[in-house]
Amino acid sequence: MKAFTSHTGLVVAMDRANVDTDQIIPKQFLKRIERTGFGEFLFWDWTKLDDGSPNPDFELNKPEAQGASVLLTRRNFGCGSSREHAPWSLEDYGFRVIIAPSFADIFYNNCFKNGMLPIQLSDPQVEELFRRTAEHTGYELTANLDTCTLSDAHGFSQSFEVQPFRRHCLLNGLDDIDLTLEHEEKISAYEASHA
Amino acid sequence: MTASASSPRTLFQKIWDNHVVHAEEGRQTILYIDLQLVHEVTSAQAFEGLRLAGRPVRRPERTVATADHNVPTSDRSLPILDKISKQQIDTLRDNCQEFDIQHYDLNDPNQGIVHVIGPELGYTQPGMTIVCGDSHTSTHGAFGALAFGIGTSEVEHVLATQTLLQFKPKTLELCVDGQLLPHVTAKDLILYLIGQITTDGGTGYCVEYTGEAIRGLTVENRMTVCNMSIEAGARAGMIAPDETTYDYLRGRKFVPQDFDAAVELWKQLPTDEGAEYDKSLQFKAADIAPQVTWGTNPGLVVSVDGKVPTPADFDDATEQKTAAGALDYMGLQGGEPITDLKLDRVFIGSCTNARIEDLRAAAVVAKGHTVSEHVSAMVVPGSGQVKLQAEKEGLDRVFKEAGFDWREAGCSMCLAMNPDKLAPGERCASTSNRNFEGRQGKGGRTHLVSPAMAAAAAVAGHFVDIRDWK
């Protein structure tokens, strides 16, 4: 798994709640059998107008959002389908950090498997970041997983919580299957006693 | 490793305790997985991961596969026209062959939606841990199993280790007292509950559904309830096993050979008297009317005799914005009586509502009527076995005579990965589980309802209150 220690990047604000994984990556792109190359299909239905041309009003299409790697959004991000194609497409597009008041469980879990850091903050904290993103052109945030701090160049600094073991695995890019197979004897013992 | 047997435990806690392989403070528990269900859309990358790492499938006999999401529901003797779909279906077949996994292929009489065939064949049993790379795996909780959806990395993890790394979720009891009123179904019950607790009210929890209304449901209806747990944000939803459960399972192909001995063990599973949930909510069955969703998530729902709300009906700014966006997408103003909404399409199908009892309920309504001339309606059985049974009972004739399209089994227009989809702007009454933007086709407008309500809407051409149906 890809490691994550610290990341500084341009923020794009997406003022929408309950963004589901069908929006993040629509079904027609789930037919591929590869794990890569999903970035160009991210938020497909929102990025395009009916005639297929880019939708100039969509948050990610705006000139100031180009090169963004930090996604700021509202509650329950990533709800719905368990498709890991959702984090694959966000990561492939270039996102490394997603900030929201809450995440759907399966999506949250899938992010860690793909070297992306989902950061959960309170509603007022998220509101403050929306305000700052609107206020400062080219607004950037730094997410430091080592210190569990989110900060900007204008005096904002906020600690965030990540379950310690998830943090340890993401910092070191540890492979879950390898970790589990360290306990292979216990799996065998379990199977023997439940045969 | 396990909690003291003397302290009262919930159904969830018992299953969890029974499956702990290794637990360590501050780390995810290694949880044993009894059964993994696999389908074509979320598995190819997992098998590829195994190949790249040179890892075998640890317990191939604990994995069962079928193609459902991406399969055509038209004539199966014809070749699949979509080359990429075909490649995905072929890849599943090849992977199952390579790793020695039981696969119910497209022309197998037992092919069907993975959450329909698992229970139908008796793979799904009380007390099990069951996973699948699909969020509607919660369906299997209807048997008193701990069942939840996982990502593809986790599919690979289970294939390689037959375990999963899990943080223990909290428990949420949703208790529905009293009996459902006539014409109110399991689908109405779960839509009502999601409307009450909202689309993320169950996030972080495993739900247990309790109360008289739940106990009174058939197993198939319980599956409808548990199926949509994820639409309230809960990865898993479960119902304690009882005689109804055992009666359903008895005689199915893959149940334990000594069935009576298994039943004795399963009888230990229900939540003990005095066991505590992290949170409990009470509801009254008598408050529940037939439901229709009006928005773009399943929590945006009203009774059929109600009206589409307006943004002003919501409290906070984010909810108002969500409501305004949903109305805009759905082509609604707000304030319209639900029964005034005119339909273009009707879809009866999906892992939520495509079992035999669902088709019977729809057929009773459709019998002797004709689908409205401005509606195109389709029925997609949940499995080959459901289709066969329906044809034995003559339900296919009822539907065809009324003008419904009778199809082959699969996920079909629930997620519209195959050719079955809505055109932009089309309004659809659907027995499926998600009314997300574009879910049934880009620009399509989905209203979630029960099978009987969908059938009645197909005939009338607009929503009708099934309680008034003649």
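J.: Teacher, can you tell me more about the overall build of chain B here?
T.: A count of helices and strands for chain B gives 15 helices and 19 strands. A globule of 470 residues ought to have a C-alpha radius of gyration of about 23 Å, and chain B, at 21 Å, matches this closely. Its C-alpha atoms put chain B at 60 × 55 × 45 Å along the principal axes. Across the 470 residues of chain B, 59% fall into the buried class. In chain B, of all internal contacts separated by at least 6 residues, the share reaching a separation of at least 24 is 76%.

J.: Looking at this structure, how should I read the pairing of strand S2 (residues 70-73) of chain A?
T.: The side chains of a regular strand alternate, first on one face of the sheet and then on the other. Residue and element names in this part refer to chain A. What you see with S2 is no split at all: Val-70 and Leu-72 on one side and Leu-71 and Thr-73 on the other are buried throughout. Relative to S2, strand S1 (residues 6-14) is paired through four bridges, and the arrangement is parallel. Directly across from Met-14, in S2, lies its bridge partner Thr-73. Bridge count between S2 and strand S3 (residues 97-100): three bridges; the pairing is parallel. By the bridge assignment, Leu-71 is partnered in S3 with Ile-98. Regarding topology, helix H3 (residues 85-93) serves as the crossover connection from S2 to the parallel S3, and that connection is right-handed.

J.: Would you mind going over the interface of chain B and chain A with me for this structure?
T.: At the interface, 51 residues of chain B touch 40 residues of chain A. Only strand S1 (20-22), strand S2 (29-32), helix H2 (44-53), helix H3 (83-98), helix H5 (152-161), strand S8 (163-166) and helix H11 (317-330) of chain B provide two or more residues apiece to the side of chain B that touches chain A. A total of six residues in the side of chain B that touches chain A trace back to one element, the largest contributor, which is H5 of chain B. Split by residue class, the side of chain B that touches chain A holds 14 nonpolar, 28 polar and nine charged.

The rules we used
Residues numbered from 1 in each chain as written. Chains lettered and ligands numbered in written order. Predicted model: local features only at pLDDT ≥ 70, side-chain atom pairs only at ≥ 80, totals over all residues. Helix = DSSP H or I, 4+ residues; strand = E, 2+ residues; numbered from the N terminus. Rg over C-alpha atoms; globule rule 2.2 N^0.38 Å. Buried ≥ 20, exposed ≤ 12 C-beta atoms within 10 Å, placed from the backbone. Contact = placed C-beta atoms within 7 Å. Pairing = 2+ DSSP bridges. Right-handed = clockwise from strand over helix to strand, strands pointing away. Nonpolar A, V, L, I, M, F, W, Y, C, P; charged D, E, K, R; others polar.

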